[in-house]
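Secondary and tertiary structure notes
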Amino acid sequence: MSSISNKFEIGMPHNHSHAGSCCGKHGQSCCHDGHASGAASGNTLEQASVQTAGQICGEADNGTATACDGHCDDDESHSHSHSHGHSHGGRCACHTPVTDTAGLDQKGLSPEQKREVLVMSISAVLFALTMIFEESLTLAAGPWPVRLLYAIPYFLCGVPVFKNAWHGLRSGDYLNEFTLMGLATVAAVVLGHLAEAVGVMLFYSIGEFLQELAARNSRGSIRALLASRPTTANILSNGEVKSVPVEDIAPGDRLVVRPGEKVPLDGVVVAGSSQIDTSPLTGESMPVGVGLGDKINAGSINMNMLLEMEATSRFADTHMARILEMVENAAARKSPTERFITRFARYYTPAVVLVATLVAILPPLLGGAMWETWIYRALVLLVISCPCALLVSIPLGYFGGIGLASRHGILVKGGNVMDGILKTGTVIFDKTGTLTQGSFSVTARIPAEGVSSDELLAAAAMAESESNHPIAVSIMSLVDGFNRPADLVVEEVPGQGMHARSGNEDFYAGNAALMRSIGLDAPEVTEPGSVVYVAQSGRYLGYLLVADTLKEDAPESIAALRSKGLKTVILSGDREQAVAWAAKRLGPDAYRSQLLPGDKVRAMEEVADPEKTAFVGDGINDAPGLALARVGIAMGGIGSEAAIEAADAVILNDSPLKVATLYDIAGKVKAVVWQNIVLALGVKGLIMCFGVAGLSGLWEAVFADVGVALLAVLNVVRVMRVK
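Note that the structure is predicted; figures quoted are calculated from it, not measured.

Next up on the list: the packing of aromatic side chains. Applying the stated criterion to the full structure yields 5 aromatic pairs. Measuring from ring centre to ring centre gives 6.5 Å for Tyr 533 and Tyr 540, while their planes differ by 45°; the resulting arrangement is tilted. The same class applies to Tyr 533 and to Tyr 540, which are both buried. Cluster of aromatic residues (ring-pair linked, three or more members): Tyr 154, Phe 155 and Phe 162. Directly above the ring of Trp 144 sits Arg 147, whose terminal nitrogen or CZ lies 4.7 Å from the centroid. Across from the ring centre of Trp 374, 4.4 Å away, lies the NZ or CZ of Arg 377, which sits over that ring.

So, on to helix α24 (residues 698–717). Each turn of an α-helix holds 3.6 residues, which means side chains three or four residues apart point in the same direction. Spanning 20 residues, α24 covers 28 Å between terminal C-alpha atoms, matching the ideal 28 Å at 1.5 Å per step. The largest bend in α24 is about 35°, located at Gly 707. With 15 of 20 residues buried, α24 lies mostly within the body of the structure.

On the basis of which strands lie adjacent, the open sheet formed by 6 strands has the order β2-β1-β3-β9-β4-β7 and antiparallel pairing. Single-partner strands in this sheet number two, and they are β2 (240–245) and β7 (295–296). For strand β4 (residues 267–271) and strand β9 (residues 307–311), the ladder comprises 4 bridges, and the chain directions are antiparallel. Along β9, the bridge assignment pairs Val 269 with Met 309.

Here the focus is a nonpolar patch on the surface. A cluster of nonpolar side chains, namely Leu 354, Leu 358, Ile 361, Leu 362, Leu 365, Leu 366 and Trp 371, defines an oily patch on the protein surface of about 700 Å² accessible area. Here the nonpolar patch gets 6 residues from one element, more than from any other, and that element is helix α11 (residues 336–367). Tracing the backbone shows Ile 361 in helix α11. What makes Ile 361 partly exposed here is its relative accessible area of 34%.

If you look at the biggest cluster of nonpolar residues, it comprises 43 residues, and the most contacted ones within it are Met 181 and Leu 698. Looking at this core, the elements that each hand over two or more residues are α5 (143–170), α6 (177–190), α7 (194–218), α11, α12 (371–384), α23 (657–692) and α24. The residues touching Met 181, leaving out its near neighbours within four places in the chain, are Val 161, Val 200, Met 201, Tyr 204, Val 383 and Asp 705. Of all hydrophobic cores here, the second largest spans 39 residues; its members include Tyr 398, Ile 558, Ile 633 and Val 673.

Attention now moves to the packing of α23 against α24. For any two helices packed against each other, the geometry comes down to the angle between their axes and how far apart the axes lie. It is the contact of α23 with α24, at a shortest axis distance of 10 Å, that shows an interaxial angle of 175°. Looking at the two axes, α23 sits roughly antiparallel to α24. Facing Val 672, Gln 675, Asn 676, Leu 679, Ala 680, Val 683, Lys 684 and Ile 687 of α23, the residues of α24 in contact are Glu 700, Ala 701, Phe 703, Ala 704, Asp 705, Val 708, Leu 711, Ala 712, Asn 715 and Val 716. Across the contact of α23 with α24, the residue classes break down as 12 nonpolar, 3 polar and 3 charged.

Before going further, it helps to spend a moment on the pattern of salt bridges. A full pass over the atoms with the stated rule returns 10 salt bridges. One salt bridge in this structure joins Glu 308 and Arg 254, with 3.4 Å as the shortest N-O distance. Remark: Arg 254 occurs in strand β3 (residues 254–257) and Glu 308 occurs in strand β9; sequence separation between them is 54 residues. Exposure remark for Glu 308: the relative accessible area of 6% places this residue in the buried category. Given a relative accessible area of 35%, Arg 254 falls into the partly exposed group. A salt bridge links Asp 664 to Lys 564, with the shortest nitrogen-to-oxygen separation between them at 2.4 Å. Here Asp 664, found in helix α23, pairs with Lys 564, found in the loop between α18 (554–563) and β18 (567–571); they are 100 residues apart in sequence, far enough to count as distant. Look at Asp 664 and you get partly exposed, because its relative accessible area is 44%. A relative accessible area of 37% places Lys 564 in the partly exposed class.

Rules of the game
Residues numbered from 1 in each chain as written. Predicted model: local features only at pLDDT ≥ 70, side-chain atom pairs only at ≥ 80, totals over all residues. Heavy atoms only, no water. Phe/Tyr/Trp six-rings, centres within 6.5 Å; stacked < 30°, edge-to-face > 60°. Buried < 20%, exposed > 50% of the residue type's maximum accessible area, 1.4 Å probe, protein only. Lys NZ or Arg CZ within 6 Å of the ring centre and 35° of its normal. Helix = DSSP H or I, 4+ residues; strand = E, 2+ residues; numbered from the N terminus. Expected span 1.5 Å × (residues − 1). Bend = angle between axes of the 7 residues up to and from the residue. Pairing = 2+ DSSP bridges. Patch = residues over 30% accessible without salt bridge, like charges linked within 9 Å, V, L, I, M, F, W, Y side chains within 5 Å. Areas by Shrake-Rupley, 256 points an atom, 1.4 Å probe, with all protein chains shown as cover. Salt bridge = Lys/Arg side-chain N within 4 Å of Asp/Glu carboxyl O. Core = buried A, V, L, I, M, F, W, Y, C linked by side-chain atoms within 4.5 Å. Contact = heavy atoms within 4.5 Å. Axes fitted to C-alpha atoms, helices over the stretch in contact; angles between N-to-C directions. Parallel < 35°, antiparallel > 145°, perpendicular 65-115°, else oblique. Nonpolar A, V, L, I, M, F, W, Y, C, P; charged D, E, K, R; others polar.

If you want it as structure tokens, here you go:
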């Protein structure tokens, strides 16, 4: 081991780039210079994942970005080619840019962002000094020095805006944020409102910068999930260790994982023991101890000791790859609220521009009013006409909720799940593997009079030692270092149990029929579970009770959901006795037992309207129920692939209590989204009315546009702080 550990360095480097999507269109990005987005353009899985996982805007993989209009809809496509010179690194109109985490300094700012801060600082100082000394300079040197001093900060902050406006005009996008802002400030300059024109540009740039930082924070959890994707693996071959891409590893390859490294693929520990951090996958902060024979999943982090493992799958089939794929697909599933807002935006901005045009023209033509006065009032409407706060904060609100859920170990496949789960009134649970551990364990050892517990277990182990039945496995798991006698002969008694013989001793383990067949009476047991009676050479030794035990937080989960006014139901294929026992301890509103997969679907329809139910399950037999329910929730740790694919959300650590957590997160997301809608439309509507009445100017319009957008994004950040 020690020789291996010296052959390579701890912590393989992990590099990745981000590709972004436009117009808040999660999962449907604009095309860049002929390249399709995501996996179709040849991006890596991780790039595609980051691109479609709700990054509202950002750089494409070829370094260009788009100036999509603010009115695009989820069923529209764009194909326009251009590049940007915006100082944010490329921004879609009305959308928050994405800043790559690469190259961040200790304060979290990239070199480009630091240049932005410098430009804004110089502009702000120069603007403030010019305003303070404007009158003195005008008296001393005339108006031109003052105009020149105003022009410097105006162009420093305005050049990126005009560049993006030009790209938008070339691509046919005439009513985006940049063209409206540029038109309004140029008109203000022509009308002689120099200070206001500079102020609009400066505070717009500051607001967009702060908005960008706030939006980036809300994407942190899913970015951390995506960053946990291993890119290389250390393969052990002929005593040598080589670093190779994870995609080149095949099942059966032996790998080495040093402390601090990510587990590259799903596999089994074949040498060594250590503690692993599974929080990137499950959200569980407590380290898990692993040793010989234990399964470990790709994306976990080895914490303290060197491990050797044998890969059991290719990366494309790993637990981590499934998670990344689901994150990739998550953002494509927009919520009804998001769809409404994108459609609303298609009509909102043109309508406001039309109103602004009428405000500028009609009063002077019809009433002889001053052109300058009404053109200025129209400029106020132009500045606030872009629905930035809605198009940025609402998709970001859902994405913030998805990120928060991932931090709690719940993978939500789309914003529609957040809306859908709040429309459910009934939560249906499968039992085995969902509310229970999903594996047999010995829950009781009841020896006969004069027989010790150890003697009972030893005799049962002799009989069950060569059986691979789950009950036999659970019994053998309690035996420490079973020594198989050389002359041991084991045979199965069909339908009754196991018989073993060693020397002159016979060992029996099975049901009551087996005991009767050898002339022994077996006591009746009423407790739930499978009873294994044990006998040795004609002597009854007692029985073992083997059952599937409840998960520790299962009772709390049912109680938490019922406290929210939700009806809870258990639908199980297990025996009536076992389901009744579980229901007695959990306290659901109803339960049904001995259901085949088709029976579960019929039972769901009888219990409640499937459109108003959430179904929680883990097995392939639960897939129909997961697909039929309004929201399907699968257990991701032990859940079958069919269940995970059919579900709308996946609980990565198999805790049923996370179902209640998902309801809490969804409620918070809905509240924040509607707060933002009311805030944005209310403030914009108020400032519009004041602008037409002459009670507000460009300063107030800047607040109604950029300020409200920033407040809305900051409100979204609150979602990420929910405990």
